Every structure is written in C-alpha cells, then in structure tokens.
Amino acid sequence: MPDLDNTLPLLLEGYGWLPNLRRRTGNDVVRTRLLGMRVTALCGPEAARFFYDEDHIRRVDALPGPVKSTLTGNGAVHTLDGADHRLRKAMFMSLMTEDGVRDLVDHTVAAWDDAAASWPAGRPVVLFDEVSRVLTRGVTRWTGVPVADDDVEATARSLVALVDGFATGGPRHWRARAARGRLEAWLSGLVRDVRDGVRSAPASSALAVVAGHRGPDGELLDPRVAAVELLNVIRPTVAVCWYVTFAAHALHRWPEQRAALREVDDRSLFAEMFAQEIRRFYLPFRVRRLFSRVLRVAIGAASRGDS
C-alpha cells in the first residue's frame, strides 16, 4: 500500500510526532511521506553512523536549485562529496578553534555594547533589526571583511534576506537572489584584492583562509566560490538574530529564568541548557513559516471539501 502522507499529523503533534509514529510501528526505521515526498526516518547510534557514512549519501544534487541560489550558494561545501568535501570542510573547521570562537564572541560582545549605548533611553528599539546589525558588525570584523559603519545596516539587511527568502516564492525569494548577487560580487572582489596584495587580511581570519584555500587539484578556489564560502561563515552567524529574538520572547514569557541567567557566565551548564532549549522549543524559523502555510492550505482545502 502507498505510504500515507503525515504532514498534517506532524503539524498537529510537533516534536512528538516521529517518536509516536515509531512506537506505533514498533520499528526504528520508519517510511512515510511529508509534503508528498518519500521520507525515511532512522533512529539510534547505528542509524546515525549509517547516515553520515559517505558511502550512503550524496550531496552534489541533494539541495534544490532555489536553495542554492539563495541560502547556501552554488559550489558550496554543502554540495561536495568525497575528497573535495573533506578538504573544504577542514578549511571551515580550521576557523572553529577555541581561540577563534572566543575571538568571535569578543567582537560580538563589543558590537553589542556599542549598539546598546546608542539606543535612546526610554524609547523602544526593534530587537530583531538591532541584533542583525550587531551580529553583522561582530562577524565581519572577525572574518576580516571590512564594512564601514554606514554600510552595516544595508549589509545586515542583505544577509537577513538570504535566510528569509530561501523557502519562499514571490518577492522575498527574488529579493534573496538579488542580495546574494550583490554580496558575492562584493566578496569575490575582496578575495581578488587579497590575492593580488592590494588588501591585507589577518593570517588567521576567514578572509585570508578562504582566499588562500586550495582544492585537491592544488588550485585556488574560483573567486566567486570563495565568496560563497565566506558567506557560509558570515550568513549563518547573522541568522542567529532569529534565535536571539526567540530567547527574548522566552524570557518575556517565562521571566523567572532571567535571574538564573544573570547569575551565570557563558560557560555554565545552565546557560548552555537554556540555549539548547531555545533551539528545541522554537522550530527553525523557515520551517515554522513553511509548516504554518501548509497547515493553512490543508485547512482551507478541508473546509472546501477538496480531496
């Protein structure tokens, strides 16, 4: 018999949907459909090892074109397999050292302090917009990418557009494509300048590392691909502005958590647990919007008596 589509049960049950489905089937491997597409869900350590074994996955054609043209970029690490993927991933991981992450945090905290000092006393600010600018300042300084103060707002707006438009159609999607074109053109120019000696970049910065990275063939990355990978450092960092906003909502909804967080530092177990619970409780922003749209369509069809 054909697999039944479980999109509506997923929307209704949320995180409990898949465990409930597994319990009903009595199997750690569950086959179903979501949004009409075949889905296989695996559970357990062996399943995780199977899934991440490169013999069992292929990235090169896994992402749809509209996602690559907005969110990840064409030629990105997400679309590589084999030695190409491992070498490109190693480039990213070389930036994720303890000192490197601490430096990113320091830049972001300094940008946050500067922004907070500029907010008019007693007047409201739009948190999401402010945080997107704070994170843009912090991560561009960390990566060695120069952004003038007057350009921070426009840069942040373009970076937010990449995330906001990737799972949509219509104006938001085309706005994301246009933003990617502008950002890639700008960053590929910076990469060329660093390679030509016109511009310097700190040796350990993402700009220097990406500009100097060579593939398995020993050749430098195409400047446009290097720009894509620079964006794959900058864009996900700025996308955290959604989760900062979620955290503010959580602290408004459950104010008793505020005092506990004031008593800890960023290395405490409680702070980590709070951050992870934000990620668990608030579905990824694009998924929330997509699911809500599907639910509205399903309810509308049911009300009209459509099959």
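The rules behind each value
- Residues numbered from 1 in each chain as written.
- Predicted model: local features only at pLDDT ≥ 70, side-chain atom pairs only at ≥ 80, totals over all residues.
- Heavy atoms only, no water.
- Helix = DSSP H or I, 4+ residues; strand = E, 2+ residues; numbered from the N terminus.
- Buried < 20%, exposed > 50% of the residue type's maximum accessible area, 1.4 Å probe, protein only.
- Contact = heavy atoms within 4.5 Å.
- Areas by Shrake-Rupley, 256 points an atom, 1.4 Å probe, with all protein chains shown as cover.
- pLDDT = per-residue confidence, 0-100.
- Patch = residues over 30% accessible without salt bridge, like charges linked within 9 Å, V, L, I, M, F, W, Y side chains within 5 Å.
- Salt bridge = Lys/Arg side-chain N within 4 Å of Asp/Glu carboxyl O.
- Pairing = 2+ DSSP bridges.
- Polar contact = N/O pair within 3.5 Å; in protein donor to acceptor, adjacent residues only side chain to side chain.
- Lys, Arg positive; Asp, Glu negative; His and termini not counted.
- Charge placed at Lys NZ, Arg CZ, Asp CG, Glu CD.
- Core = buried A, V, L, I, M, F, W, Y, C linked by side-chain atoms within 4.5 Å.

*Asks:* Go over the overall build of the protein chain with me, naming the residues and quoting the values.
*Replies:* What the protein chain contains, in helices and strands, is 15 helices and two strands. For the protein chain, the proportion of its 307 residues judged to be buried stands at 36%. Contacts in the protein chain between residues at least 24 apart in sequence constitute 64% of all its contacts with a sequence separation of at least 6. Total accessible area on the protein chain is roughly 18,100 Å²; 57% of this is exposed by carbon and sulfur atoms.

*Asks:* Quick rundown of the confidence of the model for the protein chain? Include the residues and the values.
*Replies:* Of all residues in the protein chain, 90% have pLDDT values of 70 or greater, and the mean over the chain is 88. Least confident of the elements in the protein chain is helix α15 (residues 285–304), whose mean pLDDT is 45; most confident is helix α10 (residues 206–212), at 98. Counted against residues more than four places away or in other chains, residues 290–307, with its pLDDT under 50, gives 13 contacts.

*Asks:* Account for a nonpolar patch on the surface, with residues named and values stated.
*Replies:* Residues Val-29, Leu-42, Phe-50, Phe-51 and Tyr-52 make up a contiguous nonpolar surface patch of about 500 Å² in total accessible area. Element by element, the count of residues in the nonpolar patch is highest for helix α3 (residues 45–52), at three residues. Considering the arrangement of structural elements, one finds Tyr-52 in helix α3.

*Asks:* Before we move on, can you summarise the pairing of strand β2 (residues 37–42) with the specific residues and values?
*Replies:* Relative to β2, strand β1 (residues 29–34) runs antiparallel, the two sharing six bridges. Each bridged residue has a counterpart across the sheet, and for Leu-34 the counterpart in β2 is Met-37. Between the end of β1 and the start of β2, which pair antiparallel, lie two residues, with Leu-35 showing a positive phi angle near 55°.

*Asks:* Residue-level account of the environment of Thr-108, with values.
*Replies:* Relative to the elements of secondary structure, Thr-108 occurs in helix α6 (residues 98–118). We classify Thr-108 as buried; its relative accessible area is 18%. Measuring from C-alpha to C-alpha, the distance between Thr-108 and Arg-141 comes to 8.8 Å, with 33 residues separating the pair along the chain. In contact with Thr-108, not counting residues within four places along its chain, are Val-134, Leu-135 and Gly-138. At 2.8 Å, the side chain of Thr-108 forms a polar contact with the backbone oxygen of Leu-104.

*Asks:* Now, about a negative patch on the surface: what can you tell me, with residues and values included?
*Replies:* Residues Asp-113, Asp-114, Asp-149, Asp-150 and Asp-151 make up a contiguous surface patch of negative charge. As for its placement among the helices and strands, Asp-149 is situated in the loop between α7 (127–143) and α8 (152–164).

*Asks:* Can you explain the environment of Val-160? Please cite residues and give values.
*Replies:* Structurally, Val-160 is set in helix α8. C-alpha of Val-160 to C-alpha of Asp-129: the two residues are 31 residues apart in sequence and 9.4 Å apart in space. With residues near it in sequence (within four places) discarded, Val-160 still touches Phe-128, Ser-132, Val-238, Cys-241 and Trp-242.

*Asks:* Before we move on, could you go through the pattern of salt bridges and cite the residues and values that matter?
*Replies:* Opposite charge on two side chains permits them to pair, given that their charged atoms come into close proximity. Tallied over the full model, the rule gives 16 salt bridges. Note that Glu-153 is salt-bridged to Arg-157, the shortest N-O span being 3.6 Å. Here Glu-153 and its partner Arg-157 are both found in helix α8, four residues apart, which amounts to about one turn of the helix. The exposure class assigned to Glu-153 is partly exposed, which follows from its relative accessible area of 43%. One connected set of salt bridges, linked through shared partners, spans Glu-54, Arg-59, Asp-81 and Arg-86.

*Asks:* Give me the lowdown on the nonpolar core, citing residues and values where you can.
*Replies:* One finds Leu-159, Leu-187, Leu-230, Val-238, Trp-242 and Ile-278 to be the most contacted residues of the largest nonpolar core, which totals 48 residues. With eight residues, the single largest contributor to this core is helix α11 (residues 223–238). Formed by six residues, the second largest nonpolar core is a distinct cluster that contains Leu-10, Trp-17, Leu-34 and Ala-41.

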